[in-house]
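Chain and residue survey
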Amino acid sequence: IEVFVHGALCMSYSGQCLMSSMIAKRSGNKGECGQPCRLPYSLLEDNKIIKKQKYLLSPMDLCTIEKVPKLIDAGIKSFKIEGRMKTAYYVATTVRAYRMAIDAYYKDPENWKFDPMWLDELKKGSHRDFSTGFFLDRPGKNSNNYESASYIRNYDFIGIVRDVLDDGYIIVEQRNKMSVNDDIEVIGPYKETMFTTILEMYNEDGEPIESAPHARQIVKMKLGIEVDKNYILRKPIIKG
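Let us look at the structure shown here. (Residues numbered from 1 in each chain as written. Predicted model: local features only at pLDDT ≥ 70, side-chain atom pairs only at ≥ 80, totals over all residues. Heavy atoms only, no water.)

Looking only at helices and strands, the protein chain has four helices and 14 strands in total. For the C-alpha atoms alone, the extent of the protein chain along its principal axes is close to 70 × 45 × 35 Å. Across the 240 residues in the protein chain, those meeting the buried criterion constitute 38%. Restricting to contacts in the protein chain with at least 6 residues of sequence separation, those with at least 24 account for 65%. Within the structure as shown, the protein chain displays about 14600 Å² of accessible surface, and the carbon and sulfur contribution to it stands at 51%. Across the protein chain, the centroid of the 35 positively charged side chains sits 8 Å from that of the 33 negatively charged ones. (Helix = DSSP H or I, 4+ residues; strand = E, 2+ residues; numbered from the N terminus. Buried < 20%, exposed > 50% of the residue type's maximum accessible area, 1.4 Å probe, protein only. Contact = heavy atoms within 4.5 Å. Areas by Shrake-Rupley, 256 points an atom, 1.4 Å probe, with all protein chains shown as cover. Lys, Arg positive; Asp, Glu negative; His and termini not counted. Charge placed at Lys NZ, Arg CZ, Asp CG, Glu CD.)

Here's what the structure looks like:
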């Protein structure tokens, strides 16, 4: 049995909504949904506006990580996580969190305890506020965020380690801005999050640089720790 356990929810029966094809001429049945449910709408009663420009049709994202034991005990063999049009970073952080929760249950089912760190990890990827959808009860007014349909981003995905050199330097495919002395986090499969600092950086011409402001370039760099190929680098977004 496969069950969808995490990701964006459809306001209708997924893939059977005609709203996008009627409004945007993009058919959800053909995988081209324009997501009109994520737009603001006004609610009218007797031709009077009672709610103006709210996100009335935009569900929160599904998150069931706290219910992993119940899902496994129900006979679920495959956990489906949303990956459509998502980054490698989103996939890595989300799958990693569920992997840790599942492994912890199989290791000691009787004493499984939810670790808030797993939920914190999920919140480090782009997400909306979370709900449990239809799993525990029928969704109600608390299953939507009427003020926003946008994703929440607390961390920037800054790069993927593409190679590890013999001299201790690494080759990184950059995805967002990073600078020397940035405090960053490194994640890999089945590993705890590692914390380090960017010590040195060089551009593709071998010239030392203090900052790499443009995405999609190759950067040679040195960190304060050893890492492996395909590890992912991220850093918190400083707000203020």
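Before going further, it helps to spend a moment on helix 3 (residues 88-107). Helix length check: helix 3 (20 residues) gives 28 Å between terminal C-alpha atoms against 28 Å at 1.5 Å per residue, within 8%. The set of residues buried in helix 3 consists of Tyr89, Tyr90, Thr93, Thr94, Arg96, Ala97, Tyr98, Met100, Ala101, Ile102 and Tyr105. (Expected span 1.5 Å × (residues − 1).)

As a further point, take the nonpolar core. Most often, soluble globular proteins keep nonpolar side chains buried together rather than apart. Counting 19 residues, the largest nonpolar core has Ile65, Val68, Phe79, Tyr98 and Leu122 as the members making the most contacts within it. Elements that contribute at least two residues to this core include exactly strand 1 (2-7), helix 2 (68-73), helix 3 and helix 4 (116-122). Broken down by element, this core gets its largest block of residues, six residues, from helix 3. Setting aside residues no more than four positions away along its own chain, leucine 122 makes contact with His6, Cys63, Ile65, Thr93, Thr94, Ala97, Tyr98, His127 and Phe130. Within the second largest apolar cluster, 18 residues are counted, among which are Ile158, Val180, Ile198 and Ala212. (Core = buried A, V, L, I, M, F, W, Y, C linked by side-chain atoms within 4.5 Å.)

Here the focus is the side chain of asparagine 203. As for its position among the elements, asparagine 203 is in the loop between strand 11 (194-202) and strand 12 (211-212). Judged by its relative accessible area of 17%, asparagine 203 falls in the buried class. Within polar-contact distance, the side chain of asparagine 203 engages the backbone nitrogen of aspartate 205 at 2.9 Å. Side-chain polar atoms of asparagine 203 contact the side chain of glutamate 207, separated by 2.9 Å. Among all residues touching asparagine 203, those that are not within four sequence positions of it are Ile209 and Ile218. (Polar contact = N/O pair within 3.5 Å; in protein donor to acceptor, adjacent residues only side chain to side chain.)

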